[in-house]
Amino acid sequence: MPLAVYILGLSVFALGTSEFMLSGLLPPIAQDMHVSIPRAGLLISAFAIGMVVGAPLLAVATLRLPRKTTLVALISLFGLGQVAGALAPNYAVLFASRVVSALACAGFWAVGAAVAIAMVPIGARARAMAVMIGGLSIANVLGVPAGAFLGEHLGWRSAFWAVAAASAIALAGVVTRIPHIPLPENRPRLKRELVIYRDRQVLLSVLITALAAGGVFCAFSYLAPLLTDVSGLDAGWVSAVLALFGIGALIGTYIGGRVADAHLFGVLLTGITASTVFLVALALLATHPAATITLTFLLGVSAFYTAPALNARMFNVAGAAPTLAGATTTAAFNLGNTGGPWLGGSVIDAGLGYASPAWAGAAMTALALATVAVALRLTRPGSRIVTRSSASEAPEHDAPDQQAPRERAMEQEPCA
């Protein structure tokens, strides 16, 4: 695995810490900004909205720009967004800073994923994405709990300053360690890349990713009040339980990255099924602290076990457009991260309690599982899969399917 892939994973640590640390900071932010916890939860959705919009927008805007220059600019903008959040005088400014940070984060993810995929063979795509997602997992192990700890002892603004410092370190790594990556001789053409959105498998992959991610983060976004108000744990437990979720995420990422290249659909089916079971159990057993803590760990394992497969699946079905494939995956994840917290806040506002987001999340993952079954059925001979060669040669009307032999063999295997 090229060193540059690990540097990208290190950079994702800073991005992921900012994206998810608010799960442990909602109570103090709500109190300081004089808003309700569900409204404070919209800051999570704000970041996700910025990711949804920013990923394809910045991918298109930077399609013909040098990759390294783009990464440097985006990580710099992200760091400035963290500084703005730390200095925010009111909720509106904080909300805006989250959107700006998310735009930069989305662009970095999209371009970084395309760079990582381009540097490895097709049989190592899930492993390359697992390295990048590993940065996200470590953010959940160290960054998010550290943010909650700083928020409890030094105020929530200190967590934003810490992420700004981490962004500066990531910037130094990108500048000094990411090599110059020349653009291909045939410059990317937007019209050619946009052809992927005519493919039903690409659209199904977007839906699966959004539902799978949204279901988990519907519950995870309101984990802090669930632990304190329903499970009866002290506030000091929040950072420790968040760290446990992150440890589970790291384990899940490692296992999923190793298995997904050979058994992609097997990982999707087993991982999403496990997430659904764990969410239902969390809703039923939330009043029992030991069960809540254990299920939080298991949810981290199952959610991130599927993440490399979700990423690799998109690059497999949209290989003709690697930049937009990365952007589309990022947008899909964050469609879930937008809808999940919004749905969780809605059921809380409806008076159903802090355990209700787990029920809502289970409904989303169950829909994701059904969509995986549809996608698997459509991968049989006669399905339409876009590949690098077929997309560039595809006519304007629908054409018979073209699928690489390795892709067909990998995606037709239904179980691990």
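In this text the structure is predicted, and so the values were computed from the model without any measurement.

Caption draft 1: Broad picture of the overall build of the chain. When its secondary structure is counted, the chain shows 17 helices and zero strands. For the chain, buried positions account for 59% of its 416 residues. If you take every contact in the chain between residues at least 6 apart in sequence, the share linking residues at least 24 apart comes to 85%. Summed over its atoms, the accessible surface of the chain is roughly 15,400 Å², and 69% of this surface lies on carbon and sulfur atoms.

Caption draft 2: Structural view of the environment of Ser23. When you line up the elements, Ser23 lands in the loop between helix H1 (3–20) and helix H2 (26–33). Take Ser23: its relative accessible area is 3%, and that puts it in the buried class. With 202 residues separating them in the primary sequence, Ser23 and Pro225 have C-alpha atoms 9.3 Å apart. For Ser23, the residues in contact, after removing those within four places along its chain, are Ile44, Phe220, Ser221 and Ala224.

Caption draft 3: Structural context of the packing of aromatic side chains. According to the stated counting rule, one finds five aromatic pairs in the structure shown. Consider the rings of Tyr91 and Phe95, whose centres lie 6.1 Å apart with planes at 45°: the pair is tilted. Of this pair, Tyr91 and Phe95 are both found in helix H5 (residues 91–118), four residues apart, which corresponds to roughly one turn of the helix. According to the relative accessible area criterion, Phe95 is partly exposed, its value standing at 29%. The ring of Tyr91 is capped by Arg39, whose NZ or CZ atom sits 4.4 Å from the centre of that ring.

Caption draft 4: Seen up close, H5. For H5, with 28 residues, the first-to-last C-alpha span of 40 Å sits near the 40 Å given by 1.5 Å per residue. Along H5, 20 of the 28 residues are buried, which leaves the element largely enclosed by surrounding structure. Of the residues that open H5, the one with a side-chain oxygen 3.2 Å from the backbone nitrogen of Ala92 is Asn90.

Caption draft 5: Inspection of the side chain of Ser97 at higher detail. On the secondary structure map, Ser97 appears in helix H5. With sequence-adjacent residues up to four places away left out, Ser97 is seen in contact with Gly81, Ala84 and Gly85.

Caption draft 6: The arrangement of empty space enclosed by the protein in detail. Across all of its chains, the model carries three cavities of 30 Å³ or more by this definition. The volume enclosed by the largest cavity comes to roughly 340 Å³. In terms of lining, the largest cavity is formed by 25 residues, of which the most central are Leu136, Ala213, Phe304, Ala307 and Phe333. Of all the secondary-structure elements, those providing two or more residues to the lining of the largest cavity are H1, helix H6 (125–154), helix H9 (200–220), helix H12 (264–285), helix H13 (289–317) and helix H14 (322–352). Take the lining of the largest cavity: its biggest share by element is six residues, from H13.

Caption draft 7: How the structure looks around the nonpolar core. Of all hydrophobic cores here, the largest spans 122 residues; its most connected members are Leu8, Leu15, Ile29, Phe78, Leu94, Phe108 and Trp109. The element that contributes the greatest number of residues to this core is H5, accounting for 14 residues. Excluding residues within four positions of it along the chain, Phe78 makes contact with Ala14, Leu15, Ser18, Phe47, Ser101, Ala104, Cys105, Val163 and Ser167.

Caption draft 8: Looking closely at the layout of surface pockets. By volume, the second largest pocket amounts to about 360 Å³. Around the second largest pocket sit 16 residues that line it, and Tyr6, Arg127, Ala130, Val131 and Gly134 are the ones nearest its centre. Elements that contribute at least two residues to the lining of the second largest pocket include exactly H1, H6 and helix H11 (237–259). Examining the composition of the lining of the second largest pocket, we find that six residues originate from one element, H6, more than from any other. Residue classes in the lining of the second largest pocket are distributed as nine nonpolar, five polar and two charged.

Caption draft 9: Seen up close, a nonpolar patch on the surface. A contiguous nonpolar surface patch, about 360 Å² in accessible area, is contributed by Ile247, Ile251, Tyr254 and Ile255. Turning to its location among the elements, Ile255 is positioned in helix H11.

Caption draft 10: Structural detail: the pattern of salt bridges. Following the criterion strictly, the structure yields one salt bridge and no others. Note that Arg157 and Asp32 form a salt bridge whose closest N and O atoms lie 3.6 Å from each other. Here Arg157, found in helix H7 (residues 156–177), pairs with Asp32, found in helix H2; they are 125 residues apart in sequence, far enough to count as distant. Owing to a relative accessible area of 27%, Arg157 belongs among the partly exposed residues under this scheme. Judged by relative accessible area, which is 37%, Asp32 ranks as partly exposed.

About the criteria used
Residues numbered from 1 in each chain as written. Predicted model: local features only at pLDDT ≥ 70, side-chain atom pairs only at ≥ 80, totals over all residues. Heavy atoms only, no water. Helix = DSSP H or I, 4+ residues; strand = E, 2+ residues; numbered from the N terminus. Buried < 20%, exposed > 50% of the residue type's maximum accessible area, 1.4 Å probe, protein only. Contact = heavy atoms within 4.5 Å. Areas by Shrake-Rupley, 256 points an atom, 1.4 Å probe, with all protein chains shown as cover. Phe/Tyr/Trp six-rings, centres within 6.5 Å; stacked < 30°, edge-to-face > 60°. Lys NZ or Arg CZ within 6 Å of the ring centre and 35° of its normal. Expected span 1.5 Å × (residues − 1). Polar contact = N/O pair within 3.5 Å; in protein donor to acceptor, adjacent residues only side chain to side chain. 1 Å grid on protein atoms, 1.4 Å probe; cavity = no way out; pocket = protein on both sides within 12 Å on 5 of 7 lines; lining within 4 Å. Points joined across faces, edges and corners; volume = space filled by probe spheres on them. Core = buried A, V, L, I, M, F, W, Y, C linked by side-chain atoms within 4.5 Å. Nonpolar A, V, L, I, M, F, W, Y, C, P; charged D, E, K, R; others polar. Patch = residues over 30% accessible without salt bridge, like charges linked within 9 Å, V, L, I, M, F, W, Y side chains within 5 Å. Salt bridge = Lys/Arg side-chain N within 4 Å of Asp/Glu carboxyl O.

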